[in-house]
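Spelled out from the first residue to the last, the chains are:
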Amino acid sequence: MATEVAVGKRGAAVEIAAALALFAVVALLSWATQKPISHNGGRGWDGVEYHAMAEQIEAGQPLLARAPHVYRPGVPLLVALLPGEDTILKFGLVNLFAAGLSVALFVVWLRLYVGVWWVRALLVVLYVTMWHAPTRFVFFYPVYIDPWFVVCVLGGLIVVHRLGRDRTDLALIALLSAITFAGVLFREAALALPAALLTRDVPRLWTRRLPLDLVPLGAGAVALWLARSADGPFRPQQSHPYELVDVAIRWLYDKPPPTIALAWFTAFGPVLVLAIFFAGDALRFLGRYPFMATALGTFSVAGWLGGVDTERLMYWTFPVVYAVIGVVIARNAAVLASVPLVVLLAATQVPAQRLLWVTPDYPNPYRRAFMFLTPFGNEFNHLNLYSWHSPRAVSGLLLAEYLALALVLAGWLAYRRAKLARQVSE
């Protein structure tokens, strides 16, 4: 047993080292090729608020920014702790460190569920090279807060997994409480972590363990109360009122189903079709781990109702989505063992990941580009990357392309599965 544990630890160390090497390569290439956004002096959109908060903290001033940004002081606080006067650079360094940490945690997470090493390696490549995932996006938009939120999500889900059905580990409860508390100060959506813990074992929900399982939720509630308390240190500008329910209702009406469908495809690319086609395997997996279904549902709703960059918000589901994709690939390797099929998947996933191109600046003078799953090249209207921001003609075309590709892939997979079934029966 000790030998197996030692071998497992060495294997994990090797995978983490390889993943971090890939991260370093992608980061270096992004640093050399990706120009940062020029909008608002390099601060972007929401980054204006976070940038101001970091400078206010550094100057010892009360926080004054628009809600809900003012309730998310975590990353601005980390930035303020770094020496130096270039606040944008400090945001980039703080977020790049978090991006690397998330890669290491992602390897640990995948090793819990995906037993085939090359499938895990493929999923790590997808995560590290996706254009709107932290590794690459931080070089375009350094003044944002998602990388540290992602670290909390991965770390929290790993802890929830460790809190097994018949174990009560006070140290892990304390760790999850700390992660939830910190996560809420990065983004309120971190409350999904204690919600996932409560559904870790639904049949045993109402047991003597329940009070203990409520501790992380209480920690998140305390963090939320501290951030939003009328007597607290975080002061929203009264000229920009923010009501969560009103905002959620607005997005419920403003984001129709086609927009959400395109956002899912834009977030993950054609590989998402595998999870959809092998839905039976995916649902059985989620049924075995109901806390994943909770996390998936919570972050999906947050992506729908949480703001305009739907793809980036939907991507918070990546730990669960990639785990599901990894499981279905491993279980259906024979169905997928077709060179032409793999080539088609790879050839369409590459543009969806935008592996060959950078993210164009905003604003820019460009308007049109060839469209196939994404605008091709580096010179086009930046807003065409997003399902909600892009004109309906653009988003409609991209969704039609994804749906057509999904039908082709689903038909091919159905043919492959039926053929294998006939071979087995004969």
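Quick caveat: nothing in here was measured; it's all calculated off a predicted structure.

Peer 1: What's the story with unusual backbone geometry in this structure? I'm lost.
Peer 2: Look at the link from A67 to P68: it is a cis peptide, with omega at 5°. Mapped onto the elements, P68 comes out in the loop between β1 (63-65) and α3 (74-81). Omega for the bond connecting Y362 with P363 falls within 30 degrees of zero, at -5°, which places this linkage in the cis form. Among the secondary structure elements, P363 is positioned in the loop between α20 (339-353) and α21 (392-425). Even without being glycine, N40 reaches a positive phi, approximately 55°. The topology assignment puts N40 in the loop between α1 (2-33) and α2 (47-58). Take N40: its relative accessible area is 34%, and that puts it in the partly exposed class. A positive phi angle, close to 70°, is found at L373, a residue other than glycine. Along the chain, L373 falls in the loop between α20 and α21.

Peer 1: Mind showing me how you'd approach the pattern of salt bridges here?
Peer 2: Pairing between side chains of opposite charge can happen when the charged atoms of each approach one another. One pass over the full model with this rule turns up 9 salt bridges. R111 is paired through a salt bridge with E15; the nearest N and O atoms lie 2.8 Å apart. On the criterion of sequence distance, the pair formed by R111 in helix α4 (residues 87-111) and E15 in helix α1 is long-range, its members being 96 residues apart. Looking at E15, the relative accessible area reads 19%, which means it is buried. Between E49 and R66 there is a salt bridge; the shortest N-O distance is 3.0 Å. With E49 in helix α2 and R66 in the loop between β1 and α3, the pair connects residues that are 17 residues apart, well separated along the chain. Connected through shared salt-bridge partners, D146, R187, D309 and R312 make up one network.

Peer 1: When you look at the confidence of the model for the protein chain in this model, what are you seeing that I'm missing?
Peer 2: Low pLDDT means the predicted atomic positions in that stretch should not be read closely. In this model, the protein chain carries an average pLDDT of 89, and 89% of its residues clear a pLDDT of 70 or more. By mean pLDDT, the top-scoring element of the protein chain is α4 (98), and the lowest-scoring one is strand β2 (residues 234-236) (53). Across residues 1-5, confidence stays below pLDDT 50; counting only partners more than four residues off in sequence or on other chains, it has 0 contacts.

Peer 1: Explain the side chain of H382 here, please?
Peer 2: Note on placement: H382 falls in the loop between α20 and α21. Note on H382: relative accessible area 0%, which makes it buried. With sequence-adjacent residues up to four places away left out, H382 is seen in contact with W45, F140, T359, P360, D361, Y362 and N364.

Peer 1: Got a minute to help me understand the packing of aromatic side chains in this structure?
Peer 2: Centre distance and the angle of the planes are the two values used to describe a pair of aromatic rings. Tallied over the full model, the rule gives 33 aromatic pairs. Here the aromatic rings of F106 and F318 are separated by 5.4 Å at their centres, their planes lie at 65°, and the arrangement is edge-to-face. With F106 in helix α4 and F318 in helix α18 (residues 318-331), this pair connects stretches of sequence that are 212 residues apart. Here Y289 and F291 contribute two aromatic rings whose centre-to-centre distance is 6.5 Å and whose plane-to-plane angle is 85°, an arrangement assigned as edge-to-face. Looking at Y289, the relative accessible area reads 11%, which means it is buried.

Peer 1: Mind showing me how you'd approach helix α5 (residues 117-129) here?
Peer 2: Here α5 is 13 residues long and its end C-alpha atoms lie 18 Å apart, about the 18 Å a rise of 1.5 Å per residue gives. Within the span of α5, buried status applies to V119, R120, L123, V124, L126, Y127, V128 and T129.

Peer 1: For this particular structure, what's the right way to read the nonpolar core?
Peer 2: Of all hydrophobic cores here, the largest spans 124 residues; its most connected members are F106, W109, Y127 and Y322. With 11 residues, helix α7 (residues 146-162) is the single largest residue contributor to this core. Beyond its immediate chain neighbours, meaning those up to four positions away, W109 contacts L154, L157, I158, F291, M292, P319, V320 and A323.

Peer 1: Explain the packing of α4 against α5 to me, please; I cannot follow it from the model alone.
Peer 2: The relative placement of two packed helices is expressed as an angle between their axes plus a distance between the axes. In contact at an axis separation of 10 Å, α4 and α5 are set at 150° when each is read in the N-to-C sense. With respect to their mutual orientation, α4 and α5 come out roughly antiparallel. The chirality of how α4 crosses α5 is right-handed. Along its contact with α4, which presents S102, V103, F106, V107, L110 and R111, the element α5 presents R120, L123, V124, Y127 and V128. When its residues are assigned to classes, the contact of α4 with α5 shows 8 nonpolar, 1 polar and 2 charged.

Peer 1: Hey, could you run me through a nonpolar patch on the surface in this one?
Peer 2: On the surface, a nonpolar cluster with roughly 370 Å² of combined accessible area is contributed by F181, V222, W225 and L226. For the nonpolar patch, the element with the most residues is helix α11 (residues 215-228), which contributes 3 residues.

Reading the values: rules and limits
Residues numbered from 1 in each chain as written. Predicted model: local features only at pLDDT ≥ 70, side-chain atom pairs only at ≥ 80, totals over all residues. Heavy atoms only, no water. Helix = DSSP H or I, 4+ residues; strand = E, 2+ residues; numbered from the N terminus. Buried < 20%, exposed > 50% of the residue type's maximum accessible area, 1.4 Å probe, protein only. Salt bridge = Lys/Arg side-chain N within 4 Å of Asp/Glu carboxyl O. pLDDT = per-residue confidence, 0-100. Contact = heavy atoms within 4.5 Å. Phe/Tyr/Trp six-rings, centres within 6.5 Å; stacked < 30°, edge-to-face > 60°. Expected span 1.5 Å × (residues − 1). Core = buried A, V, L, I, M, F, W, Y, C linked by side-chain atoms within 4.5 Å. Axes fitted to C-alpha atoms, helices over the stretch in contact; angles between N-to-C directions. Parallel < 35°, antiparallel > 145°, perpendicular 65-115°, else oblique. Left-handed = near helix turned anticlockwise from the far one by under 90°. Nonpolar A, V, L, I, M, F, W, Y, C, P; charged D, E, K, R; others polar. Patch = residues over 30% accessible without salt bridge, like charges linked within 9 Å, V, L, I, M, F, W, Y side chains within 5 Å. Areas by Shrake-Rupley, 256 points an atom, 1.4 Å probe, with all protein chains shown as cover.

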